[in-house]
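Understanding the architecture of this molecule
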Amino acid sequence: MTDAVMTLDIIKDAMGDDGDEFIKVLRIVNDIIENPDNYHGAMALRYATLLAAYRTKISLKAQFYKTATDKSLLNRRRKDILMSMYASLEENINCLKLMGRIDAKAAGVL
């Protein structure tokens, strides 16, 4: 069994016209991983909102590929990648909401 190598360029190429938006989302996620201390309070809530909006668009695009008459391997891959991102963004959004609320409670806002 060989190891799968997946780079942002490979994903972007596989996503076609949806690649740029997909990369924007991955950059936000990568920044959260590299700089988690920057995501708290209002900043966390702002990015939770932004990722939730991207998640909505991703869901619609995945549904398009799911129901497309062209069931090519490329379209199935695009659907699978979008569905994976859709599912995984939920956890990122929930964590950001918690970080926003924790800071608000500490400040006495909630």
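A brief structural summary. (Residues numbered from 1 in each chain as written. Predicted model: local features only at pLDDT ≥ 70, side-chain atom pairs only at ≥ 80, totals over all residues. Heavy atoms only, no water.)

Some thoughts on the pattern of salt bridges
Here the idea is simple: oppositely charged side chains can pair when their charged atoms come close. The full count for this structure, using the stated rule, is 4 salt bridges. Where Glu21 meets Lys57, a salt bridge forms, and the shortest distance between an N and an O atom there is 2.7 Å. A residue pair is termed long-range when its members are at least 10 positions apart, and Glu21 in helix α2 (residues 19-34) and Lys57 in helix α3 (residues 41-67) qualify at 36 residues. We classify Lys57 as partly exposed; its relative accessible area is 40%. In this structure, Glu21 engages Lys61 in a salt bridge whose closest nitrogen and oxygen atoms are separated by 2.7 Å. One end of the pair, Glu21, is in helix α2; the other, Lys61, is in helix α3, with 40 residues separating them in the sequence. Here Lys61 falls in the partly exposed class, since its relative accessible area comes to 22%. (Salt bridge = Lys/Arg side-chain N within 4 Å of Asp/Glu carboxyl O. Helix = DSSP H or I, 4+ residues; strand = E, 2+ residues; numbered from the N terminus. Buried < 20%, exposed > 50% of the residue type's maximum accessible area, 1.4 Å probe, protein only.)

A word on the nonpolar core
In this structure, Phe22, Val25, Leu51, Leu82, Met85, Leu89 and Leu96 are the most contacted members of the largest nonpolar core, which totals 23 residues. Beyond its immediate stretch of four places on either side in the chain, Leu96 contacts Ile32, Tyr39, Ala44, Leu45, Tyr47, Ala48 and Leu51. (Core = buried A, V, L, I, M, F, W, Y, C linked by side-chain atoms within 4.5 Å. Contact = heavy atoms within 4.5 Å.)

Here we look at the packing of aromatic side chains
Inspection of every chain in the model, using the stated rule, returns 2 aromatic pairs. A ring pair is formed by Tyr39 and Tyr47, whose centres lie 5.2 Å apart and whose planes are at 80 degrees; its orientation type is edge-to-face. In this structure Tyr39 comes out as buried when scored by relative accessible area, which is 6%. Here the aromatic rings of Phe64 and Tyr65 are separated by 5.2 Å at their centres, their planes lie at 70 degrees, and the arrangement is edge-to-face. Classification of Phe64 by relative accessible area gives exposed; the value is 53%. Note on Tyr65: relative accessible area 11%, which makes it buried. We note Arg46 situated over the ring of Tyr47; from NZ or CZ to the ring centre the distance is 5.0 Å. (Phe/Tyr/Trp six-rings, centres within 6.5 Å; stacked < 30°, edge-to-face > 60°. Lys NZ or Arg CZ within 6 Å of the ring centre and 35° of its normal.)

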